[in-house]
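Observations on the model geometry
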Amino acid sequence: MLRKLQVRQGPIMRMLLVEDEAKVSSFVARGLMAERYAVDVARDGQSGLELANTYHYDLVILDLMLPVMDGTEVLRRIRHKNSTVPVLILTARDAVSDKVGNFEAGADDYLTKPFAFAELLVRVKALLRRGPVSRSSTVRVDDLELDRLSQQVKRGGKRIDLTSKEYALLEYLMSNAGRVLSRTMIIEHVWDQSFDGITNIVDVYVRHLRNKVDDSHQRKLIRTVRGVGYTISDGAQS
Ligand code: CA
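Residues numbered from 1 in each chain as written. Predicted model: local features only at pLDDT ≥ 70, side-chain atom pairs only at ≥ 80, totals over all residues. Heavy atoms only, no water.

1. Notes on helix 7 (residues 183-190)
Counting buried residues in helix 7 gives six out of eight residues, a clear majority hidden from the surface. For helix 7, the set of buried residues is Met-185, Ile-186, Ile-187, Glu-188, His-189 and Val-190. Looking at the buried residues of helix 7, the elements they touch are helix 5 (117-130), helix 6 (164-175), strand 11 (181-182), helix 8 (201-213) and strand 13 (229-232). (Buried < 20%, exposed > 50% of the residue type's maximum accessible area, 1.4 Å probe, protein only. Helix = DSSP H or I, 4+ residues; strand = E, 2+ residues; numbered from the N terminus. Contact = heavy atoms within 4.5 Å.)

Written as structure tokens, this is what we have:
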């Protein structure tokens, strides 16, 4: 059973909440919607998995004890599909072995019930800022390579020096290679949810990045999608 609580227009963060306890799920969903997130709710593991496989979510909040399919199995299947969506586990279990098992299955964070909404919100924001994380430390687009551990970027084997914001922007673009990211999405991920200056800051930083990443190369990787935003992809024409 699934209930679509809210769908909003525009590039806002969308999350999936898989929770069978009506009280918890409505408390969490209402709180998140009050924070201007879009929330889809599933009441069992199977429908949660179907939603996760069908739509793009910025975050999945997943209970462990679920009817039809338990949360650990849902998580395993999400990761099996190579999805990098951040997953926050929400559960009454607090045994250390459960935590370890779920981190191994690909959970990004863990919150034990009962919890205060404020604590959930802090973790949600942290995961959203971080964005999707590939399970491997290196991400490649064409001959551009970014290593998350060393935070080094190379193109054609040649090292590129970036400022921390340029690096964060490039990492976000590369983690979503082929996907068009709006300026709002970029601001929310790279700067802060609370960044409210509507400026051309994204365009300025993309220009800096292009200067370092693309300008001396024939193949341009960073592409402007007019009226929408930016994307990075293999051998794109600019
Ligand atoms: Ca439950």
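We are not done yet, so read on.
2. A short note on helix 3 (residues 71-80)
By the burial criterion, the buried members of helix 3 are Gly-71, Thr-72, Val-74, Leu-75, Ile-78 and Arg-79. The buried residues of helix 3 occupy one face: seen down the axis, they fall within an arc of 160 degrees. Two or three places before Thr-72, at the start of helix 3, stands the capping residue Asp-70, its side-chain oxygen 3.0 Å from that residue's backbone nitrogen. (Arc of directions from axis to C-beta. Polar contact = N/O pair within 3.5 Å; in protein donor to acceptor, adjacent residues only side chain to side chain.)

3. Some points on the packing of helix 7 against helix 8
Where helix 7 contacts helix 8, the axes come no closer than 10 Å and their chain directions differ by 80 degrees. The pairing of helix 7 with helix 8 is recorded here as roughly perpendicular in orientation. Residues Arg-183, Ile-186 and Ile-187 of helix 7 form the contact with helix 8, whose participating residues are Ile-201, Val-202 and Asp-203. When the residues that make up the contact of helix 7 with helix 8 are grouped by side-chain class, the tally is four nonpolar, no polar and two charged. (Axes fitted to C-alpha atoms, helices over the stretch in contact; angles between N-to-C directions. Parallel < 35°, antiparallel > 145°, perpendicular 65-115°, else oblique. Nonpolar A, V, L, I, M, F, W, Y, C, P; charged D, E, K, R; others polar.)

4. Things to note about the coordination of the calcium ion
Those donors, Asp-20 (OD), Asp-63 (OD) and Met-65 (O), are the protein atoms that reach the calcium ion, and they lie 2.1 to 2.3 Å from it. Mapped onto the sequence, the residues coordinating the calcium ion show the spacing D-x42-D-x1-M. Here the residue Asp-20 occupies a position in the loop between strand 2 (14-18) and helix 1 (22-34), and Met-65 occupies one in the loop between strand 4 (59-63) and helix 3, the gap between them amounting to 45 residues. The exposure class assigned to Asp-20 is partly exposed, which follows from its relative accessible area of 29%. Residue Met-65 is classed as partly exposed on the basis of its relative accessible area of 49%. (Donors = N, O, S within 2.8 Å, 3.2 Å for Na, K, Ca; no water.)

5. Looking at the packing of helix 6 against helix 8
At a minimum axis distance of 10 Å, the contact between helix 6 and helix 8 shows a crossing angle of 85 degrees. In terms of orientation, helix 6 and helix 8 fall into the roughly perpendicular class. The residues of helix 8 that touch helix 6, namely those facing Lys-165, Glu-166, Leu-169, Leu-170 and Leu-173, are Tyr-205, Val-206, His-208, Leu-209, Lys-212 and Val-213. Looking at the contact of helix 6 with helix 8 residue by residue, the classes come out as seven nonpolar, one polar and three charged.

Keep in mind these numbers describe shape, not what the thing actually does.
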